[in-house]
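Chains, contacts and geometry: an overview
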Amino acid sequence: MFDFSTPVDRHNTWCTQWDYVADRFGHADLLPFTISDMDFVTAPCVLAALHQRLAHGVLGYSRWQHDDFLGAVQGWFQSRFGTAIESKSVVYGPSVIYMVSALIQLWSAPGDAVVIHTPAYDAFYKAIEGNQRQVLACPLTRDNVTWRCDMAALERLLARPECKILLLCSPHNPTGKVWQEEELRIMAGLCARHGVRVISDEIHMDMVWQGQHRPWAAIAPPESDWALLTSASKSFNIPALTGAYGLISDSVTRGHYLQQLKGRDGLSSPAVLALTAHIAAYQKGAPWLDALRNYLAENLRWTAQALNHAFPTLGWQPPEATYLAWIDLRPLAIDDEALQRQLIEHERVAIMPGTTYGAEGRGFVRLNAGCPRGKLEQGVNALIHALRTLQAQ
């Protein structure tokens, strides 16, 4: 029913991943496997809704506080995660990272600290340090193919007097870890014990391959302060429309957030096409998303087969979630900088170095598998050839 194999030329569309690859990698003619958007046309139901809205012809100021949008969000959480949410808890924002930044400002002061699990999405570091807060890193460790959090180490960080917030990534980017319900409940209890508020970034919630995503809203203790932030932008490949939303448990914080959104930042009117796309995606997009998920899961399985056939010592397994292949190359003892030079200057591909996500990313690369199989094969084969070349030197 849906075609994910036919390439779409994204050149000359002001595309960050394709047209501006030189900004990060120094060359403009690279095949990119970088930031986390996909090379697929979005769901037909989303495109149809956008065309219908554009055909109306009037694109004036809009609102998000209505049953069409709120009901679509409620329905999605109920149907996909079995979680009932209250419409009054929903808030809107231009992006998840904007909302993260706004809540850091509301829930902490300059000099305070925010805990993150590392390696971490690079925008987390920027949002924390850009607001003059400290990063408290809680490194994840790998047990065979499973990433784990040392809960005793986490508690030591949460207990520090300067620690005000746990910024959780669920599922986790870049490792692809899916947090188990027991782990989430332990973290919730630790945060409650030490008076630490929780911001849970769940933008990859629809891309879980192993286990089941449990929204923070389903496990948070009563009376605790928390926010769940997400968007349809990753799942339906619509980030350029902007638009995100969140659930904020405390009514006072909701009021302060909305006042900050409107009063300080002048963002009271949402992007109407983002609202249109979210409503269509959540009401009619499930069949497309399920087909996409199957395609992405096969992409990741193919990647594992290709890498492990070329280098049996890797034993790489697909992530539990996300279409981002977090590949541990440490068994090959390859120098990170030499690998990047080989990939860029000789293979002509752009693959994110693991150090983008912190010191714990040394020896890793993050390869975006959200693309047609033909492109993915080019990228993985280029990575294999680069590794073999370096091994032979």
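Since the structure is predicted, the reported quantities are computational estimates derived from the model, not experimental observations.

A few points about the overall build of the chain
A count of helices and strands for the chain gives 14 helices and 12 strands. Rg of the C-alpha trace for the chain: 21 Å, near the compact-globule value of 21 Å for 393 residues, within the 12% margin. Overall size of the chain, expressed as C-alpha extent along the three principal axes, is 60 × 55 × 35 Å. By residue count, 56% of the 393 residues in the chain fall in the buried class. Counting contacts in the chain only where the partners sit at least 6 residues apart, residues at least 24 apart contribute 75% of the total.

With respect to the sheet that holds strand β10 (residues 324-328)
On the basis of which strands lie adjacent, the open sheet formed by 4 strands has the order β1-β11-β12-β10 and mixed pairing. A strand with exactly one partner marks an edge of an open sheet, and here the two such strands are β1 (31-33) and β10. Strand-to-strand twist of the sheet, defined as the mean angle between neighbouring strand axes without regard to direction, takes the value 35 degrees. One ladder, built from 2 bridges, connects strand β11 (residues 349-353) with strand β12 (residues 364-368); its direction is antiparallel. Each residue of the ladder has a partner; that of Met352, found in β12, is Arg366.

Observations regarding unusual backbone geometry
Between Thr118 and Pro119 the backbone carries a cis peptide bond, its omega angle lying at 0 degrees. By the element assignment, Pro119 lies in the loop between β3 (113-118) and α6 (122-129). In this model, Gln132 sits at a positive phi of 60 degrees, which is unusual for a non-glycine residue. Take Gln132: it is sitting in the loop between α6 and β4 (134-143). Its identity as a non-glycine residue notwithstanding, Thr322 has a phi of 75 degrees, on the positive side. If you trace the backbone, Thr322 turns up in the loop between α12 (286-310) and β10.

What about the pairing of strand β7 (residues 197-201)?
Of all 5 residues making up β7, 4 are buried, and the element is well covered by its neighbours. With helix α8 (residues 181-193) bridging strand β6 (residues 163-169) and its parallel neighbour β7, the resulting β-α-β unit is right-handed.

Remarks on the packing of aromatic side chains
Scanning the model with the defined rule gives 16 aromatic pairs in all. Here Phe4 and Tyr295 contribute two aromatic rings whose centre-to-centre distance is 5.7 Å and whose plane-to-plane angle is 45 degrees, an arrangement assigned as tilted. Pair noted here: Phe4 is in the segment before α1 (16-19) and Tyr295 is in helix α12, with a separation of 291 residues, a long-range link. Pair check on accessibility: Phe4 and Tyr295 agree, each one buried.

As for the state of the cysteines
Tallied over the full model, the rule gives 0 disulfides. Sulfur of Cys138: no disulfide; nearest cysteine sulfur belongs to Cys149 and is 4.0 Å away.

A word on α6
Most of α6 is tucked away, with 6 of its 8 residues classed as buried. Along α6, the residues that are buried comprise Asp122, Ala123, Phe124, Tyr125, Ala127 and Ile128. The secondary structure elements touched by the buried residues of α6 are α2 (22-25), α5 (96-107), β3, β4, β6 and β7.

Considering the nonpolar core
Generally speaking, nonpolar side chains in soluble globular proteins are found buried as a group. With 76 residues, the main nonpolar core has Val46, Phe69, Leu154, Trp216, Phe236 and Tyr282 as its most contacted residues. Non-local contacts of Tyr282, meaning those with residues more than four positions away in its chain, are made with Ala72, Val73, Trp76, Met205, Ser231, Ala232, Phe236 and Tyr245. With 35 residues, the next largest nonpolar core counts Phe311, Leu367, Ala369 and Val380 among its residues.

Rules used in this analysis
- Residues numbered from 1 in each chain as written.
- Predicted model: local features only at pLDDT ≥ 70, side-chain atom pairs only at ≥ 80, totals over all residues.
- Heavy atoms only, no water.
- Helix = DSSP H or I, 4+ residues; strand = E, 2+ residues; numbered from the N terminus.
- Rg over C-alpha atoms; globule rule 2.2 N^0.38 Å.
- Buried < 20%, exposed > 50% of the residue type's maximum accessible area, 1.4 Å probe, protein only.
- Contact = heavy atoms within 4.5 Å.
- Pairing = 2+ DSSP bridges.
- Axes fitted to C-alpha atoms, helices over the stretch in contact; angles between N-to-C directions.
- Right-handed = clockwise from strand over helix to strand, strands pointing away.
- Phe/Tyr/Trp six-rings, centres within 6.5 Å; stacked < 30°, edge-to-face > 60°.
- Disulfide = S-S within 2.5 Å.
- Core = buried A, V, L, I, M, F, W, Y, C linked by side-chain atoms within 4.5 Å.

Read these as geometric descriptors, not functional statements.
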